[in-house]
Amino acid sequence: MALLLGVVGDILSGVLGIIPALTQQQTNGNSVWGTLPVPNFPPFLTNNPLPNGYPWGLRNASGSNPYTDAPYTGVIRSYDFTVKRGLIAPDGYQKNVLLINDQFPGPAIEANWGDTIQVTVHNQITGPEEGTSFHWHGLLQKQTPWMDGVPGVEQCPIAPGESFTYQFQADLYGTSWYHSHYSAQYSDGLLGPMIIHGPENADYDIDLGPVLLTDTYHKPYYETVKVVMAPLDQGGNPRPASDNNLINGKMDFDCSTVAEGDTTPCNSNAGISKFTFTTGKTHRLRLINAGAEGLQRFSIDGHKMTVIANDFVPIQPYETTVVTLGAGQRSDVLVTANQGSAQSAFWMRSNISTICSSSNQPNALAAIYYDKADTNKAPTSTAWDVPDPGTCANDDLSLTVPYYPLTPTDHPATTRHLDINSEVNATNHFLWTVDGGTFRSDYNSPTLLLANEGNFTYPPEWNVKNFGSNSTIRVIVNNPTSSSHPMHLHGHNMFILHEGPGAWDGTSITNPNNPQRRDVQMLRPGGHIVWQINADNPGVWPFHCHIVWHLSAGFYATILERPADIEKYSQIPMIMPQTCTDWAAWTKNNVPDEIDSGV
Ligand SMILES: *[C@@H]1O[C@H](CO)[C@@H](O)[C@H](O)[C@H]1NC(C)=O
Ligand SMILES: *[C@@H]1O[C@H](CO)[C@@H](O)[C@H](O)[C@H]1NC(C)=O
Ligand SMILES: *[C@@H]1O[C@H](CO)[C@@H](O)[C@H](O)[C@H]1NC(C)=O
Ligand SMILES: *[C@@H]1O[C@H](CO)[C@@H](O)[C@H](O)[C@H]1NC(C)=O
Ligand SMILES: *[C@@H]1O[C@H](CO)[C@@H](O)[C@H](O)[C@H]1NC(C)=O
Ligand SMILES: [Cu+2]
């Protein structure tokens, strides 16, 4: 409590955070997220052909199946990412980071539904050199599974000094993010928001864009991975605690709490993020948990929020005071600025659940100013009284109903368990398991390339689950561990048939005619989730916990979907060699320091 009353108390009393002592360049490099004026995003990018007024023609949120009716606009949105090390102080504590175009958080990728996104990544990480690889979270990558970005599974890493151009379709619409999928690199800054404009399922006036919620660790990611992967009798800790919590890359930190002898430059007044609301108008906020571990509970003092989408799935709008987001999850919310005069100001809060996560400073703050408020003054608003239920679950599944209804078959072609657990191996390393296996990537030999060559026999540490030609797949995941896990599947939106405490009863399905679909679902400690997919996307799809430290310790399986159809992709042999030849050349003279699972 003393800690919470430190800097947070000083911000609340208006002493710190509002008029920062550090420049934006010192805290966030070239990024301007969190500063005023806040960029407003348009309903769609206008340099597209506009049949019937919209880039996506007559398609709408209630009448168009997002999985089969995606438009193809032919428009290419190009981005150029240079990835380098940097030294910034997002919360005032100076940190060695990895930056995209010298920005933390990274730049927004923006496209219309059906556009083609093209991102050229230049790996200029030096001192020491490292591979990298980028994942476009939530996109389906239909017909392009080799662009999904998981090293050793879907491509070889991009070698130091080399470049690789990703190209894929914006096949779903809404809010997401991109991040490095190489070890725990993204927790050092290799992430940014991704906005794909599409049909609307609710009215609003102003799109305020991304609100990135990220726990942060003061040590570079590699140092934390070393602790996570150390034997338990040699200082190993599978659950490292984050040092702070950021909104759009910013928050203050109480420098008086740093360990004795730590001489890292630290300033207790780095400055917090600011947003503006236009009085009387309804704003869209795109909440993204882009953190490494923390389960975030987001709220805005005095304002209710209307949730209109979870992950890339528009839902029937519902009202709430708190939105809970596990790592990787997103919610789009609408907030109307009708809670006071034009001079009003309110706190935006995001609290990491201290019951479900490990954090030394869990509470993030940002300031929201109505249009005539003094932006040099701290808000004085009071928090909602919303105690943490401690279940580590998402909002009740019965509340979250997809706007475009789809009914999964009640007779899936195959049903199997992928239960999770943990183990301590013979050398005293703590590891996570999926279906009894713990994962380790072979960067030089992507599973997708072997599958394309008709080789479906892999080492056990690749943890591949072959689902053959089954047309529908149901998976039951029991979690006997005492930790919660945000479970992410690539290549699909999962129908979430059920979640809850204990084991599944084998029959109960929530909203069976139209269950929630999303790409990350919280799995409670001691609980279960049951998901189902239509096997319409041949590929090798990662199914893993999105907590980077759990993923480092092997919490990963590959879903091998329609192997016979993977053999038919004729483009793989042309695209793979670009990364694999360069990676092989680099690893001939350099040994990549793969101390964790690699992904
Ligand atoms: C949405 O699209 C469907 C299918 O094309 C159409 O029948 C329906 O009228 C459209 N709804 C609106 C509100 O435009
Ligand atoms: C966040 O923490 C603050 C300070 O402890 C508390 O007042 C507030 O209710 C919490 N909000 C949520 C959403 O948990
Ligand atoms: C235990 O796991 C660690 C981390 O993956 C690995 O380096 C080590 O070789 C394993 N020990 C044994 C005996 O398999
Ligand atoms: C398939 O790939 C694995 C992993 O590289 C290899 O060990 C195995 O020999 C290959 N099988 C065939 C038939 O080539
Ligand atoms: C269906 O999936 C199961 C694994 O759940 C697998 O054992 C079986 O071979 C698959 N069936 C077909 C026809 O591919
Ligand atoms: Cu986990």
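None of these values were measured; they are calculated from a predicted model.

What counts, and where the lines are drawn
Per-chain numbering applies: the sequence of each chain, read as written, is numbered from 1 onward. Whichever chain is written first is A, and whichever ligand is written first is 1; the rest continue in order. Predicted model: local features are reported for residues with pLDDT of at least 70 only, side-chain atom pairs are reported and counted for 80 or more only, and whole-chain, interface and lining totals are derived from all residues. The basis for every side-chain value is the complete set of non-hydrogen atoms in the structure, without hydrogens or water. We count a stretch as a helix when DSSP gives it H or I for four or more residues in a row; a strand needs E for two or more, and each element gets its number in order from the N terminus. Accessibility here uses a 1.4 Å probe with only protein chains present; expressed as a share of the type maximum, an area under 20% marks a residue as buried, one over 50% as exposed, and anything in between as partly exposed. DSSP calls a pair of strands paired once it identifies at least 2 bridges connecting them. Interaxial angles span 0 to 180 degrees and are taken between N-to-C directions of axes, which are lines fitted to C-alpha atoms, for helices over the stretch in contact. Only nitrogen, oxygen and sulfur atoms qualify as donors, provided they sit within 2.8 Å of the metal or within 3.2 Å for Na, K and Ca; with water excluded from the atoms, sites may seem incomplete. When at least one non-hydrogen atom of a residue lies within 4 Å of a molecule or strand, that residue is treated as near it. Each polar contact in these results corresponds to two N or O atoms within 3.5 Å; when the atoms are within protein, one needs to be able to donate a hydrogen and the other to accept it, and residues that are neighboring in sequence are counted only if both atoms are side-chain atoms. Using a 1.4 Å probe, accessible areas were evaluated by the Shrake-Rupley method; residue-level cover was limited to the displayed protein chains.

Is there a simple way to explain unusual backbone geometry in this structure?
Cis geometry marks the peptide bond from Phe-104 to Pro-105; its omega dihedral reads -10 degrees. With respect to the element layout, Pro-105 can be found in the loop between β2 (95-100) and β3 (109-112). In this chain, Gly-127 is followed by Pro-128 through a cis amide linkage whose omega measures -5 degrees. Checked against the element boundaries, Pro-128 lands in the loop between β4 (116-123) and β5 (134-136). A positive phi angle, near 55 degrees, is found at Gln-141, a position not held by glycine. Following the sequence through the fold, Gln-141 ends up in the loop between β5 and β6 (163-169). We classify Gln-141 as buried; its relative accessible area is 2%. Not every positive phi belongs to a glycine, and Asn-428 is a case in point at roughly 70 degrees. Inspection of the secondary structure assignment puts Asn-428 in the loop between β21 (420-424) and β22 (430-434).

In this structure, what is going on with the sheet that holds strand β17 (residues 330-336)? I would like to understand it.
Strand pairing in a sheet is mediated by backbone hydrogen bonds. Such pairs are either parallel or antiparallel. The strand order across the open sheet built from six strands is β10-β9-β12-β17-β14-β15, with neighbouring strands paired in mixed fashion. Looking at strand neighbours, the two that pair on one side only are β10 (244-247) and β15 (313-320), the edges of this open sheet. Each adjacent strand pair in this sheet contributes to an overall mean axis angle of 25 degrees, direction not counted. As defined by bridge partners, strand β9 (residues 206-216) adjoins β10 across four bridges and the pair is classed as antiparallel. Note that in β10 the partner of Thr-214 across the bridge is Leu-246.

Mind showing me how you'd approach the sheet that holds strand β16 (residues 323-325) here?
Pairing within the open sheet is mixed, and its five strands lie in the order β11-β19-β18-β13-β16. Across the chains shown, the open sheet's two edge strands, defined by having one partner strand only, are β11 (273-277) and β16. Shown here is a sheet whose adjacent strand axes are inclined to one another by a mean of 25 degrees, direction ignored.

Explain the coordination of the copper ion (ligand 6) to me, please; I cannot follow it from the model alone.
Any two of four tetrahedral donors ideally make an angle of 109.5 degrees at the metal, while pairs among six octahedral donors ideally make 90 or 180 degrees. In the first shell of the copper ion (ligand 6), the protein supplies His-485 (ND1), Cys-545 (SG) and His-550 (ND1), at 2.0 to 2.1 Å from the metal. Expressed as a motif, the donor residue spacing for the copper ion (ligand 6) is H-x59-C-x4-H. On the criterion of sequence distance, the pair formed by His-485 in strand β25 (residues 485-489) and Cys-545 in strand β30 (residues 539-545) is long-range, its members being 60 residues apart. Taken individually, His-485 and Cys-545 each receive the classification buried, so the pair is uniform in this respect.

What exactly am I supposed to notice about the site of ligand 4 here?
Around ligand 4 sit Leu-450, Asn-455 and Thr-457, and that is every residue in its neighbourhood. Taking Asn-455, its side chain carries an N or O atom lying 2.4 Å from an oxygen atom of ligand 4. For ligand 4, the protein covers 38% of the area, taking 360 Å² as the surface of the free molecule.

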